[in-house]
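Observations on the model geometry
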Amino acid sequence: MDDHSLDEFRRRWQEELAQAQALRKRRRPETAERRPRRPEVALGRGEQASGYLALAQGLLEGAGRPPAPRATRAERQDAASRSRSPPAREAAGGGEQLVDQLIRDLNEMDDVPFFDIQLPYELAINIFQYLDRKDLGRCAQVSKTWKVIAEDEVLWYRLCRQEGHLPESSISDYSCWKLIFQECRAKEHMLRTNWKNRKGAVSELEHVPDAVLCDVHSHDGVVIAGYTSGDVRVWDTRTWDYTAPFLDSEYEEDEPGMQPYVSFVRINSSLAVAAYEDGFLNIWDLRTGKYPIHRFEHDARIQALALSQEDATVATASAFDVVMLRPNDEGYWQIAAEFEVQKLVDYLEIVPDTRRYPVAVATAGDLVYLLKAEDSARTLHYVYGQPVTCLDVSANQAAFGVKSLGWVYEGNKILVYSLEAERCLSKLGNALGDFTCVNLRDSPPNLMVSGNMDRRVRIHDFRTDKIALSLSAHQLGVSAVQMDDWKIVSGGEEGLVSVWDYRMSQKLWEVHSRHPVRHLSFNSHSLITANVPYERVVRNTDLDFTAHRRHRGLIHAYEFAVDRLALQSTLPVCRSSADPTAGHGYALALAFPQDRS
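The residue numbers shown here count from 1 along each chain, following its written sequence. Totals for whole chains, interfaces and linings use every residue, but because this is a predicted model, local features are given only for residues with pLDDT of at least 70 and side-chain atom pairs only at 80 or more, for both listing and counting. Think of the side-chain values as coming from all heavy atoms in the structure, minus any hydrogens and water.

Overview of the overall build of the chain
Numbering of helices and strands starts at the N terminus; helices are DSSP runs of H or I of at least 4 residues and strands are runs of E of at least 2. Looking only at helices and strands, the chain features 13 helices and 34 strands. Considering the chain as a whole, with its 597 residues, one finds that 46% of them fall into the buried category. Between two residues, a contact is recorded if the distance between any of their heavy atoms is within 4.5 Å. For the chain, the proportion of contacts with a sequence separation of at least 24, taken over those separated by at least 6, is 46%. Carbon and sulfur atoms provide 49% of the accessible area of the chain, an area that totals close to 32200 Å². The rule is simple: take the accessible area with a 1.4 Å probe, protein chains only, and divide by the maximum for that residue type; under 20% is buried, over 50% is exposed, in between is partly exposed. Accessibility throughout is a Shrake-Rupley quantity obtained with a 1.4 Å probe, and a residue counts as covered only by protein chains that appear here.

And the structure:
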């Protein structure tokens, strides 16, 4: 504030004080003039009224803000007892109101306008971008100028991206990103409440007649399943409308019923892959049709199959060979790399985000191999007599369970290796049972979840190399597990699917089926589970259809978004003409499919 503005400000306040004093004199009763006039109390001697008026006079006379502190409550009471003049008290009240208003106005002028005038808008946006939603809300209450800055579309668009809302959208798609952010937060809260209360819809995907389920995999709501009849089927649980529900394997038509079993199936956003018992491999492009775009043949049975979730890279293991397939620049599929290992491969995973050259991790007995396309097979881990029992990989790390055998028993552990440095980072757990499943890729940062044959689900903390939580989850061993920032979903050998809130160490709900849970995958609004039988024995449906139904396997799709009703989210072929039956003790609307075999 310049000198001219400050002088003008003081002059206006002097006029207002003079007008207020004249108004009080006019309203004073005439009887007060006949009373003996008491001596006036001198200003600025500790009294509350005099202190405030002295503060006002000092401000108006150019003395700046007075250093004298505000009087305490005891001092105000003492001043009131010594000053009994009604005009003095009245003047004190008026002076207090005016000076308080003056101080508030001066504070606002010092804090806000100077900031807004001297700081460019673009620089203010760069400062505000480091604030979260709560801090932005507080800043929007400071002044009108701060409110404009705190509600800028760039800030709220960035917040939506940081919290994972609408990741594929651009800033020009919506006009009010703050409102979009609030709607996304409300939907997230609603979905979390539905997860906890089991509120939603569940559907059983249609089975293939006269066949038993062999393997199931899913990606982003798209499910693929392989059967003993050689059939491969795909569902899109997001829309329940898929143009090619059956993928053709191109076997000879003159040999019906002679197709080999499907050993493994994998799927990502654009490809579907199936491996058969006779060593054949089919690759389909989901965008072009139901016929394979590439067919590859091994000399022996395929023991392991992996498909990259980001690009078109397929890895297979047959006998003592590991082959990586991917299309070239012209779209023709070719062998990108081929490796020879010493033992039969048990587990095979492709490392995500490797860019140009594909990288895979394979386990064969007590050996763990790091397979890079531009290099030969390298041994990542080897301890004689300690076989690997499970495997999972992320962009930079690999985690696998190791079974301890021999005279010196050290307990079964999970080893975490760095793929860049090729060395062990952590040794987690010390369990009596074998680790049967581990999930590193989908776990939150610095955490990992695992399942064990001792029926327990464990959360491992990389920061302390200790077990953060151990849950007794199942009656038999744990066969599948996944976690996010607040819940765990686990599947057991007894067919039980359990949902836990691990922050409270509390089981939310569970669902039981006949066969072991071999696959589960969930996101914020849906859950896919698959119960695959041990025995792949096809029973004659003409003689005992009920027995075949019990032993064929099940695939369930759960939807927890309330804007999708049960009848809308159920496959048309799964809709029964009878009224939906409500499960006892569940808030899920169950829809039982009709058997059309």
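Describing the sheet that holds strand β11 (residues 314-318)
Taken together, the four strands give an open sheet; going across it, the order is β10-β11-β12-β13, and neighbouring strands pair in antiparallel fashion. A single partner strand is all that each edge strand has here, and the edge strands are β10 (302-307) and β13 (333-340). Each strand axis lies, on average, 20 degrees off the axis of its neighbour in the sheet, ignoring direction. Strands are treated as partners if at least two bridges between them are detected by DSSP. As paired strands, β11 and strand β12 (residues 321-327) are joined by five bridges and run antiparallel to one another. Across the sheet, S318 pairs through a bridge with D321, a residue of β12. Interaxial angle, 0 to 180 degrees, is taken between N-to-C directions of lines fitted to C-alpha atoms, where a helix line uses only the stretch in contact.

Focus: a negative patch on the surface
What goes into a patch is any residue over 30% in relative accessible area without a salt bridge, connected to like charges within 9 Å or, for nonpolar side chains (Val, Leu, Ile, Met, Phe, Trp, Tyr), within 5 Å. In what follows, salt bridge is the name for a side-chain nitrogen of Lys or Arg lying within 4 Å of a carboxyl oxygen of Asp or Glu. Charge counting treats Lys and Arg as positive and Asp and Glu as negative, with His and both chain ends excluded. To locate a charge, take NZ of a lysine, CZ of an arginine, CG of an aspartate or CD of a glutamate. Taken together, D278, E297, D299, D321, E338 and E340 make up a surface patch of like negative charges. Counting through the fold element by element, E340 comes out in strand β13. With a relative accessible area of 64%, E340 lands in the exposed category.

Topic: helix α7 (residues 121-128)
Along α7, the residues classified as buried are A124, I125 and F128. What you see down the axis of α7 is that its buried residues fit within an arc of 100 degrees, all on one side. Elements in contact with the buried residues of α7: α8 (133-139), α9 (144-150) and α10 (153-162). The arc in question is the one spanned by the directions pointing from the helix axis to the C-beta atoms.

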